[in-house]
Each structure stands twice: as C-alpha cells, then as structure tokens.
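Single-letter residue listing:
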Amino acid sequence: MAALRRIARERGGWWHAYVCPAHGVELDHGELLAGVFPEGGARCAYGCRVDDEAVRGAWLVLSHQAWARHLRVLAHRKERAESVARLVEYAGLYAELATERHGEAQTWMLRGRLFHQALTDAIWAVNVGHAVITLAEHSTEHLAALLPLLDDLERAALDARDVLTGQGHLASNYTAWLNAAGAATSRAAAAVRGREWDGGKRWLEGEHGLYAHLRVAVADDGWEWEGSTYYHGFVLRAALLALRGTDPASVPSDVVDVLAGMTDVLATIATPGGILPALHDGPYLRGPLALEWLELVALAQQLVPAPALEAVAGRARTELGVHDDGLDRELGGWFAGPPLPERPAPGPVTVFPTAGYAVLHHAGVHALLDFGPHGGSHGHRDKLSLYLYGDTTPWQPDPGQVPYAHAEFRDLYASTKAHPAFRVNDAEQAECTGRLLGSDGSSVTAEVTTAYEGVRAVRRVVLGDSYLVDLLTVRAEDERRLTAQLRPGVALDIQLQASGEVRTTWYGDETLHGWHTHTPGATVRPVSRPGPGPADDPQRVRTRVDFTAQSDRVVFASVYQAASAGPAVTDVRLDGDGVLTVSLTDGGTARFRTED
C-alpha cells in the first residue's frame, strides 16, 4: 500500500549529509512525499541504519525538494486542486518557519531560511515559482493566497544575492540560482496579480542579474569556470529556467553565444550513447541528477538545439526507469519564440583551451584529456588524466564524487590516486594548471610542470586509423619513483607478456583492448591491486594498475582499440629514439613520436 502523502513540518538542513559514514554511499531516500523520516533510520545499501540530526536534516531537504518538483508535475497535469492546496500549505509553513536565516548552518555557508543554504532555498523556490506560473496560465483563482510566499521568496533571493555579490562572488553558481529563483517567483507573482512581469531589469539584465553572471562565470570556450560537468549543467539549467517566457531572439547576442557554448560543451563531452563524464566534483550516478539532465535537455533543445543531447536524455531516462516522473515531457513552449539554429556536431578532436579539456572520438573510443585549471573548491588533483569511454561503457571514467559531508571519501575521490593520472614518489599532485602544447585534427599534446617540484610531464594522445595512442613522458631533475595509473570503472584483465609488455582487456557493453609498453631498458613494474571504483559506491572494488619506474625519465606508451574496430592491433613497440610502432593484422604499420 502506498504511503500517505504529507508535507514535513520542519526546516531542512544540508543534503550532502545524507551519506552512510561507514560505506560512503548515499542513503536510501525512502518515501520522500510521505513527509516522515524512515522508521528505524535511513537505510544504507549495505544494511546500515543511520539516524542523527544531520541525516534527518538532509532527508528533509530531499523531501521538500521532491515536493516542490511534484507540485510542478501536478500543475502541468491539471491536478489543480491538490497543487493549489499544497502550495497554500507551504505558504503557511514558510511564514511560520522561515522568519529568519537558519541558525544551524555551517559557518562557511550562505545561510538560507527554510534550509541551511540559501542555494537550497533558491532551488526550492524555482520549482515553487514555476508551479504557480503554470497554474496561472489557466486561471488565477485561489492563487492570491500564495502572494505572501512568492514575495517573501523573491525578497530572500535578493537579500542572499546582495550578500554574495557584496563579497565579490558574482561568478558563483549560487548567483545563477538566486537569479533563477528571483525570476521565477516574481514572474509567478506578476501572473497571479494579472500584471506584466517587470523583473527583467533586476533578475536578467541588471548589474548582478543572470546575464552579468553568465558573462563572468563562463569562459570563452563555453565551460563554466569550475570545470565540473555537474556545476556546468547546474548553471546552464538555472539559466534556462530563468528565461521562461523569453523570446530567444530577444536575448543579447553575447549571452546567446554563452548559452550555445555551454550546450556545445555537453554535446561534445557526451558519448554517442549519452554518458556525460563526471569531470571534477559531481555525482557519478544519481537518480535526481538524471531528472536534472532530462529537464536541461528538454529546455536546451528549445533554445539552442544540439542533436547529441538526445542521447543524454535517453540514457537518463533509462537510468531512472520507474522513477521517471515525466516532468520534462511537460515543458514544451518554454520560450516565447522559436529556437535558434541547430548547433553543429562536434568533430573528432575538440579542445577547450581555457577549461583545459580535450575530447577525442574515433573508432568506438571516446577519450578526454584533463590538463586545465584546478577548478576551485570543486577541483581534483588529476592533471593529465586520460578518461576512456565506449558509446555506453565507462572503461576508465572520471570517478565523480561522494556527498560532500563524508570528508574521508571526498578527499579520496579528489585525490591523484583515484584518477588515471601520473604520480611521483607516491605523493599527491599539487593543485595546479597544465598547458596545451599543441593540437590538430587527430592529436592533442599537453604538459604540466607544477604538479611536483622539478618534474615535467607531457601527454600526447593521437587518433590512429582504428585505435587510440597514448604517450605519457615523465621527466624529473633526479631519480624518482614515476608512476602511470590505470583506473577502470569496469572489470579488467591484465596479462604481463614475456617481453615485458602488458595486455589489458576492459569489459562492459563494449570491450576495449589495451597494449602497454615503455622506454626500452627501463625497469617498469606493473602492479595490479584492488581499489574503490567510481564514487556512486566506494565499496565496489575495481582492479587498479600502476606502472612504476625508478628513474629520472620514462615514457609510458599505450594503445587502445575497441573490439569492434579493425584491422586489429597485433603488436606495439617503443624504440630508443622515442618512436612507437603499431602493427596491424592487415600488415600495415604506423609510427608515432613521443613529445621529445
């Protein structure tokens, strides 16, 4: 029997605390619309039950956010009576509980009213505002009771934005959502009052409005400044939500360019099967995130359509299964005019020079090279990581991140050891920025010189006819322990050959074959050991491989080929002059030179 639905009567906390302290997995949400914390404690997938103040506060965040989204679904599906009744209930609850900023928030937080963080308030307010706008499109009857709530939410968004921008944080992703909240709630209030919306100057066009935020938060290459897939989509989704009812042709041309560039980023990094690599901080796999991607794609396709995003939506819907509430299918007619021209498809090599990512796609292998800025508080110590995907298989993915309240696992997944990067003397890389050395239609070369004192590393990635070549050169001022790392997201077999080379096989929906060699004469130890897999479940074990040499210089050379591609690679040899020769079953050979 389905649980009774009720709205919880308590303020929420910080959702990132909803994590098992023993296992690092997000706890089971239970029945969020029931409004009652799970009896016996929140359940972990490994059998734990967790019940403390922080976890209860986190669950309340999830419950209130689920209700706000559900109210939008009800409004779109013309279940007006329940939607209005629940919104009126929330109006009373907000007036009762949210009279001042939350006193239990952590000191670093921009404090909210209904929740610890003003950001969480803003996300909730966006959904409430859009639910009311949808209701008002059909009738304003019984909606006047919501005006105090809408006005209070707009005021709270403005107050929080003033604090944030007063601290010099116009580029913060919080600013995007505070503007989206102000736009949604003020537009909803205008609709209820039967007036034209006049909030564009404050929330879109003004000194601290959405357009000003986008101009400083997004680089020329289209990436949101933090270089995180999640926060990039987070800001883009806020912008699209804020622009409801706007004619795309009326948006300033430079802002259109920003939104188009942000859309291009997602279309480029996505695999043909719709995987969005979880670069830097952000969930690796999470149901609520899949709902967010569905909403983003539904709105972006009405503004700056990109065909590649349809695969992202398809994968998100598959991940959700029965938990897909269908909201994205209700969002047609979001803008007051036709979409802008369709975005061009990305080529085989795309470089984002400011964010410091390169994407290479060919012959069934989708590779990303990470060489850019650290990314602020959401960055990872992962310079020169090489991520490998098939259309639908995360062979060697960026592992993502756990809920932030788990300090130990959060540090683990930000670490060098968690990424397919390089390591020196078993130490962590410094927070640093690499540099693009060159690129063309089939290759990318990047370096980093500040990850370790006295060490220069260069990674060159090249598209062969039916395979991918990876040449990683590490040079130190003196002899050190130099390591190249493989970090699979799937089952991996490793076989050491009598010649000293190594063969790997990576499994999944698609199979990848790897050939690994190194500088002739160098002693390189390949060591495989169990380690945590991607961050959606730190307890899931994967086979990690470290190739280590005690030297002042070594080249680690790898060739990767999807099992579906051909002709097949038969042999890989690196000579003393730094030339890698790849031999194929058809008798063909190709040669590739290392960076020096």
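## Points about the packing of aromatic side chains
Turning to step 1, where the next piece is worked out: Under the criterion given, the structure shown has 13 aromatic pairs.
Turning to step 2, where the next piece is worked out: Ring centres of F115 and W124 lie 6.5 Å apart, and the angle between their planes is 65 degrees; on these two criteria the pair is classed as edge-to-face. The two residues F115 and W124 agree in class, both being buried.
Turning to step 3, where the next piece is worked out: Judged by centre distance (6.1 Å) and plane angle (85 degrees), the ring pair of W223 and F352 falls under edge-to-face. Remark: F352 occurs in strand β3 (residues 349–352) and W223 occurs in the loop between α7 (210–217) and α8 (229–242); sequence separation between them is 129 residues. Comparing W223 with F352, the two get one shared label, buried.
Turning to step 4, where the next piece is worked out: The side chain of R410 reaches across the aromatic face of Y404, ending 3.8 Å from its centre.

## Description of the environment of A522
Turning to step 1, where the next piece is worked out: Looking at where A522 falls in the secondary structure, it is placed in the loop between β14 (512–518) and β15 (524–532).
Turning to step 2, where the next piece is worked out: Residue classification places A522 among the partly exposed positions, given a relative accessible area of 22%.
Turning to step 3, where the next piece is worked out: Each C-alpha atom, one on A522 and one on S551, is 7.8 Å from the other, the two residues being 29 residues apart in sequence.

## Let's talk about helix α2 (residues 80–97)
Turning to step 1, where the next piece is worked out: With 18 residues, α2 ought to run about 26 Å at 1.5 Å a step, and its terminal C-alpha atoms sit 25 Å apart, in line with that.
Turning to step 2, where the next piece is worked out: Residues of α2 that are buried: S83, V84, R86, L87, Y90, A91, L93, Y94 and L97.
Turning to step 3, where the next piece is worked out: Taken together, the buried residues of α2 touch α1 (53–76), α3 (118–136) and α4 (147–166).

## What about unusual backbone geometry?
Turning to step 1, where the next piece is worked out: The omega torsion across G566 and P567 is 0 degrees, close enough to zero to call that bond cis.
Turning to step 2, where the next piece is worked out: For P567, the position within the fold is in the loop between β16 (541–562) and β17 (569–574).
Turning to step 3, where the next piece is worked out: Located in the positive-phi region is A363, a residue other than glycine, with phi close to 55 degrees.
Turning to step 4, where the next piece is worked out: Following the sequence through the fold, A363 ends up in the loop between β4 (357–362) and β5 (365–370).
Turning to step 5, where the next piece is worked out: A363 gets classed as partly exposed once you look at its relative accessible area, which sits at 27%.
Turning to step 6, where the next piece is worked out: In the Ramachandran plot, N425 falls in the positive-phi region, its phi being about 55 degrees despite a non-glycine side chain.
Turning to step 7, where the next piece is worked out: Summarising the element assignment, N425 is placed in the loop between β7 (422–424) and β8 (435–439).

## Remarks on α3
Turning to step 1, where the next piece is worked out: The terminal C-alpha atoms of α3, which comprises 19 residues, lie 26 Å apart, in line with the 27 Å expected from a rise of 1.5 Å per residue.
Turning to step 2, where the next piece is worked out: For α3, the tally of buried residues reaches 19 of 19 residues, placing the bulk of the element in the interior.

## Points about the pattern of salt bridges
Turning to step 1, where the next piece is worked out: Counted by the stated rule, this structure contains 41 salt bridges.
Turning to step 2, where the next piece is worked out: The shortest N-O distance in the salt bridge between E82 and R86 comes to 3.7 Å. In this pair, E82 and R86 both sit in helix α2, four residues apart, roughly one turn of the helix.
Turning to step 3, where the next piece is worked out: Note that R237 and E295 form a salt bridge whose closest N and O atoms lie 2.7 Å from each other. With R237 in helix α8 and E295 in helix α10 (residues 287–300), this residue pair connects regions lying 58 residues apart in the sequence.

## Concerning the pairing of β17
Turning to step 1, where the next piece is worked out: Both β17 and strand β18 (residues 579–584) contribute to a ladder of five bridges, which runs antiparallel. In the sheet register, D571 faces β18, and the bridge partner there is S583.
Turning to step 2, where the next piece is worked out: If you look at the hairpin formed by β17 and β18, you'll find four residues sitting between the two strands, and G578 has a positive phi there, around 80 degrees.

## Regarding the sheet that holds strand β19 (residues 589–593)
Turning to step 1, where the next piece is worked out: Pairing is antiparallel in the open sheet, where three strands are placed in the order β17-β18-β19. On the outer flanks of this sheet lie β17 and β19, each paired with one strand and no other. Along the sheet, successive strands turn relative to each other by an average axial angle of 15 degrees, direction set aside.

## So, the side chain of S172
Turning to step 1, where the next piece is worked out: Here S172 shows up in the loop between α4 and α5 (173–193).
Turning to step 2, where the next piece is worked out: Using a relative accessible area of 17% as the deciding quantity, one classes S172 as buried.
Turning to step 3, where the next piece is worked out: Residues within four places of S172 in sequence aside, it is in contact with L164 and H213.

Thresholds applied
Residues numbered from 1 in each chain as written. Predicted model: local features only at pLDDT ≥ 70, side-chain atom pairs only at ≥ 80, totals over all residues. Heavy atoms only, no water. Phe/Tyr/Trp six-rings, centres within 6.5 Å; stacked < 30°, edge-to-face > 60°. Buried < 20%, exposed > 50% of the residue type's maximum accessible area, 1.4 Å probe, protein only. Helix = DSSP H or I, 4+ residues; strand = E, 2+ residues; numbered from the N terminus. Lys NZ or Arg CZ within 6 Å of the ring centre and 35° of its normal. Expected span 1.5 Å × (residues − 1). Contact = heavy atoms within 4.5 Å. Salt bridge = Lys/Arg side-chain N within 4 Å of Asp/Glu carboxyl O. Pairing = 2+ DSSP bridges. Axes fitted to C-alpha atoms, helices over the stretch in contact; angles between N-to-C directions.

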